[in-house]
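One-letter residues, chain by chain:
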Amino acid sequence: MSAVLSAWFHRRMAMLATLFGRSEVALAHWRAVCRLRPRDAMAVATVGHLLAGQGRRDAAIAALEASLAIDANLAAVWFNLGFLQQERDDHE
């Protein structure tokens, strides 16, 4: 299976897993997308969002920072990063 088709498959499976409340399964599929498409800033940000939803703040912050290193023009990612940093009283 080509990388494009594999990434498409994992995205769809992640969406279904999210729909059914299976965040760990969704996270595994989004990580697979990231392995297949390492320059996909939104996939990396989605991993960060799922990690934040699981209370894994430090890992979420690292993922959001990695996403911004790929594409610094993602306003929603900046917002989410700031929100997580504010939650841990990191105002710098």
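Conventions we followed
- Residues numbered from 1 in each chain as written.
- Predicted model: local features only at pLDDT ≥ 70, side-chain atom pairs only at ≥ 80, totals over all residues.
- Heavy atoms only, no water.
- Helix = DSSP H or I, 4+ residues; strand = E, 2+ residues; numbered from the N terminus.
- Rg over C-alpha atoms; globule rule 2.2 N^0.38 Å.
- Axes fitted to C-alpha atoms, helices over the stretch in contact; angles between N-to-C directions.
- Parallel < 35°, antiparallel > 145°, perpendicular 65-115°, else oblique.
- Left-handed = near helix turned anticlockwise from the far one by under 90°.
- Contact = heavy atoms within 4.5 Å.
- Nonpolar A, V, L, I, M, F, W, Y, C, P; charged D, E, K, R; others polar.
- Expected span 1.5 Å × (residues − 1).
- Buried < 20%, exposed > 50% of the residue type's maximum accessible area, 1.4 Å probe, protein only.
- Arc of directions from axis to C-beta.
- Patch = residues over 30% accessible without salt bridge, like charges linked within 9 Å, V, L, I, M, F, W, Y side chains within 5 Å.
- Areas by Shrake-Rupley, 256 points an atom, 1.4 Å probe, with all protein chains shown as cover.
- Salt bridge = Lys/Arg side-chain N within 4 Å of Asp/Glu carboxyl O.

A. Inspection of the overall build of the protein at higher detail. When its secondary structure is counted, the protein shows five helices and zero strands. Starting at the N terminus, the α and β elements of the protein follow one another as α-α-α-α-α. Computed over its C-alpha atoms, the radius of gyration of the protein comes to 13 Å, within 12% of the 12 Å expected for a compact globule of 92 residues. Its C-alpha atoms give the protein principal-axis dimensions of about 45 × 25 × 15 Å.

B. Highlighting the packing of helix H3 (residues 41–53) against helix H4 (residues 57–70). One can describe the packing of H3 onto H4 by two numbers: an axis separation of 8 Å at closest approach and a directional angle of 165°. In this view, H3 runs roughly antiparallel relative to H4, as classed from their interaxial angle. Considering the relative orientation of H3 and H4, their crossing is left-handed. Facing Ala41, Val44, Ala45, Val47, Gly48, Leu51 and Ala52 of H3, the residues of H4 in contact are Ala59, Ala60, Ala63, Leu64, Ala66, Ser67 and Ile70. Taken together, the residues that form the contact of H3 with H4 break down as 12 nonpolar, two polar and no charged.

C. Spatial organisation of H4. Here H4 is 14 residues long and its end C-alpha atoms lie 20 Å apart, about the 20 Å a rise of 1.5 Å per residue gives. Regarding H4, the residues found buried are Ala60, Ile61, Ala63, Leu64, Ser67 and Leu68. For H4, the angular spread of the buried residues around the axis is 165°, confining them to a single face. With respect to the buried face of H4, the exposed residues turned more than 90 degrees away are Asp58 and Ala69. Where H4 is buried, its residues touch H3 and helix H5 (75–87).

D. Broad picture of a nonpolar patch on the surface. On the surface, a nonpolar cluster with roughly 740 Å² of combined accessible area is contributed by Leu5, Trp8, Phe9, Met13, Leu16, Leu19 and Phe20. As for its position among the elements, Leu16 is in helix H1 (residues 3–19).

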